[in-house]
Amino acid sequence: MITYNADGIDMPKIRKREITAWIKAVAAVHGRRVGEIGYMFVDDEKILDVNREYLGHDYYTDIITFDYDEGNVISGDLVISLDTVKSNAGLFGKEYEEELHRVIIHGILHLCGINDKGPGEREIMEAEENRALDMLTELKRGAESVDK
């Protein structure tokens with residue numbers, strides 16, 4: 001089960017059913033099943049508090065992933081700062097929605113075992129993010145053709 005909540009901010013306009021189906025499809029590509037996934041959308045100040053309290057980091061970030069995986073079942077809590085997502089979209093010249101989707105799936109990819117801190121890992125993560133975003137585009141196209 002995947003849940004979506006917001007703390008102290010407005011919930012982002014996402015198509016929950018579509019995003020949930022996409023997350024499950026991405027997990028399946030990596031040989032995983034989805035267990036309990038909880039998304040919490042927050043502002044910069046809240047994610048800074050979480051980063052300090054749970055990780056001992058004193059900086060802003062777009063996402064923090066708490067991994068509770070068991071075997072091939074991914075589970076976790078994902079805290080996303082919509083402030084940072086918005087500023088990163090501008091910084092990288094991307095649409096806000098695309099950057100939000102990238103961050104949403106970034107956490108799932110971490111739960112699937114993909115890291116981004118070591119040598120060469122960032123490039124692997126970016127390639128997997130792009131692959132997942134392409135999957136979302138295909139899911140949307142499929143849904144549109146069914147609607148017609």
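Predicted model, so just to flag it, every value in this text is computed and none were measured.

Caption draft 1: Representation of the overall build of the protein chain within the structure. Of the regular secondary structure elements, the protein chain holds 5 helices and 4 strands. Its C-alpha atoms put the protein chain at 50 × 35 × 30 Å along the principal axes. Taken across its 148 residues, the protein chain has 40% of its residues classed as buried. When contacts within the protein chain are restricted to residue pairs at least 6 apart in sequence, those whose partners lie at least 24 apart make up 63%. A total accessible area of about 8400 Å² is found for the protein chain, and carbon and sulfur atoms account for 49% of it. Looking at charge distribution, the protein chain has the averaged site of its 18 positive side-chain charges lying 6 Å from that of its 30 negative ones.

Caption draft 2: Structural detail: the environment of glutamate 138. Position of glutamate 138 among the secondary structure elements: in helix 5 (residues 121–147). The spatial distance from the C-alpha of glutamate 138 to the C-alpha of tryptophan 22 is 9.8 Å, given a sequence separation of 116 residues.

Caption draft 3: The sheet that holds strand 4 (residues 73–81), seen in detail. Read across the sheet, 4 strands follow the order 1-2-4-3 without closing on themselves; strand pairing throughout is mixed. Each end of this open sheet is capped by a strand with a single partner; those strands are strand 1 (2–6) and strand 3 (63–67). Looking at each pair of strands side by side, their axes are set apart by 15° on average, direction ignored. As defined by bridge partners, strand 2 (residues 33–42) adjoins strand 4 across 8 bridges and the pair is classed as parallel. When the bridges of strand 4 are listed, arginine 33 appears paired with valine 73. Along the sheet, helix 1 (residues 16–29) contacts strand 1, strand 2 and strand 4; its crossing angle with strand 1, the most-contacted strand, is approximately 130°. Strands in contact with helix 2 (residues 44–55) are strand 2, strand 3 and strand 4; relative to strand 3, the strand with the most contacts, it is inclined by about 40°.

Caption draft 4: Examining the packing of helix 1 against helix 4 (residues 96–111) more closely. Between helix 1 and helix 4, the shortest axis-to-axis distance is 10 Å and the interhelical angle comes to 40°. When the axis of helix 1 is compared with that of helix 4, the two are oblique. Between helix 1 and helix 4 the crossing geometry is right-handed. Contacts between helix 1 and helix 4 involve Ile19, Trp22, Ile23 and Val26 on the former and, on the latter, His101, Ile104, Ile105, Ile108 and Leu109.

What counts and what doesn't
- Numbers given for residues are sequential positions, taken from 1 along each chain in its written order.
- Since the coordinates come from a predicted model, pLDDT governs what is reported: local features require at least 70, and pairs of side-chain atoms require 80 or more to be given and counted, while whole-chain, interface and lining totals use all residues.
- The basis for the side-chain values is all heavy atoms of the structure; hydrogens and waters are excluded.
- Counting from the N terminus, the helices are the DSSP runs of H or I reaching at least four residues and the strands are the DSSP runs of E reaching at least two.
- Categorising residues by exposure relies on relative accessible area from a 1.4 Å probe, with only protein chains included: less than 20% of the type maximum marks a residue as buried, more than 50% marks it as exposed, and the intermediate range marks it as partly exposed.
- Only heavy atoms matter for contacts: two residues are in contact if any of them lie within 4.5 Å across the pair.
- The method behind every accessible area is Shrake-Rupley, applied with a 1.4 Å probe, and residues are considered shielded solely by the protein chains displayed.
- When charges are counted, Lys and Arg contribute as positive and Asp and Glu as negative, whereas His and the chain ends are disregarded.
- A charged residue contributes its charge at one atom only: NZ of Lys, CZ of Arg, CG of Asp or CD of Glu.
- Being paired, for any two strands, means DSSP has found at least two bridges between them.
- For helices, the fitted line uses only the C-alpha atoms of the stretch in contact; every axis is such a line through C-alpha atoms, and the angle between N-to-C directions lies from 0 to 180 degrees.
- These descriptions rest on fixed angle ranges, namely under 35 degrees for roughly parallel, over 145 for roughly antiparallel, 65 to 115 for roughly perpendicular, and the rest for oblique.
- Helix crossings get a hand from a simple test, with the near helix turned counterclockwise from the far one by less than a right angle marking a left-handed crossing and a clockwise turn marking a right-handed one.

What is shown is where atoms sit, not what they do.
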